[in-house]
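Observations on the three-dimensional arrangement
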Amino acid sequence: MTDAHWSTVLRINADVNAAIHPQTDFELYGVKDHWTAGVDLGDCEEYIVTKKMRLIEAGFRADQLLYAVVRGFRDPYHAVLVLRTTDGDFILDNEVDRVLPWEETGYDFVIRQSASDPGSWVRIIGRAPANRGKNIAQLQ
């Protein structure tokens, strides 16, 4: 990933984190989960959908940007965006302004969109390994 691409990722992550104010889907829509982009209120799903949309508009490929569900620190489950690169997988998260390699997030990854079929989800087995620059865990 070039320095320009990395700067774009960091800028979009920070911009979206600042632009959306936290509010639950239940408070906004009366449902547990509602995924939408380009809003100014929302929960973790709205952050990642908006980040993915903005990164695609900036020239990233959709197959590089996958949704994942992790065991969160505040909530039992939390959605994050995975940026797949030749340098490894990085996590864009509304709870952390830094973009981190997936294994440095401290999260237990539960499921992730399939890279080959974004309409499918794959279960992630085990915890994040200590090795840097690798792709997300062994998938089932």
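Considering the confidence of the model for the protein chain
- Residues with a pLDDT of 70 or more make up 89% of the protein chain, whose mean pLDDT is 86.
- In this model, residues 130-140 is a region of pLDDT below 50 whose contacts with residues beyond four sequence positions or in other chains number 33 contacts.

Overview of the nonpolar core
- In this structure, V9, L55, F60, L65, L81, L83 and L92 are the most contacted members of the largest nonpolar core, which totals 18 residues.
- Take this core: its biggest share by element is 5 residues, from helix α3 (residues 44-57).
- The residues contacting F60, other than those within four sequence positions of it, are M1, H5, T8, V9, L55, L65 and L83.
- A68, V80, Y107 and I124 belong to the second largest nonpolar core, which has 10 residues in total.

Section: the pattern of salt bridges
- Under the defined criterion, the tally for this structure stands at 3 salt bridges.
- Linking R54 and D15 is a salt bridge whose minimum nitrogen-to-oxygen distance equals 3.6 Å. Of the two residues, R54 sits in helix α3 while D15 sits in helix α1 (residues 3-19), which places them 39 residues apart along the sequence.
- The class for D15 is partly exposed, based on a relative accessible area of 34%.
- Notably, a salt bridge pairs R84 with D89, separated by 3.8 Å at the nearest N-O pair.
- On the accessibility criterion, R84 (24% relative accessible area) is partly exposed.

Description of the packing of aromatic side chains
- Counted by the stated rule, this structure contains 3 aromatic pairs.
- With a centroid separation of 5.1 Å and 65° between ring planes, the pair formed by W6 and F90 is classed as edge-to-face. On the criterion of sequence distance, the pair formed by W6 in helix α1 and F90 in strand β5 (residues 88-93) is long-range, its members being 84 residues apart.
- Given the relative accessible area of 25%, W6 is considered partly exposed.
- An angle of 65° between the planes, with centres 5.3 Å apart, marks the rings of W35 and Y67 as edge-to-face. Highlighted residues: W35 in the loop between α2 (25-29) and β2 (41-42) and Y67 in strand β3 (residues 65-71), separated in sequence by 32 residues.
- The class of Y67 is buried, set by a relative accessible area of 12%.
- Positioned above the aromatic ring of Y67, the side-chain terminus of K52 is 4.7 Å from the ring centre.

Conventions we followed
Residues numbered from 1 in each chain as written. Predicted model: local features only at pLDDT ≥ 70, side-chain atom pairs only at ≥ 80, totals over all residues. Heavy atoms only, no water. pLDDT = per-residue confidence, 0-100. Contact = heavy atoms within 4.5 Å. Core = buried A, V, L, I, M, F, W, Y, C linked by side-chain atoms within 4.5 Å. Buried < 20%, exposed > 50% of the residue type's maximum accessible area, 1.4 Å probe, protein only. Helix = DSSP H or I, 4+ residues; strand = E, 2+ residues; numbered from the N terminus. Salt bridge = Lys/Arg side-chain N within 4 Å of Asp/Glu carboxyl O. Phe/Tyr/Trp six-rings, centres within 6.5 Å; stacked < 30°, edge-to-face > 60°. Lys NZ or Arg CZ within 6 Å of the ring centre and 35° of its normal.

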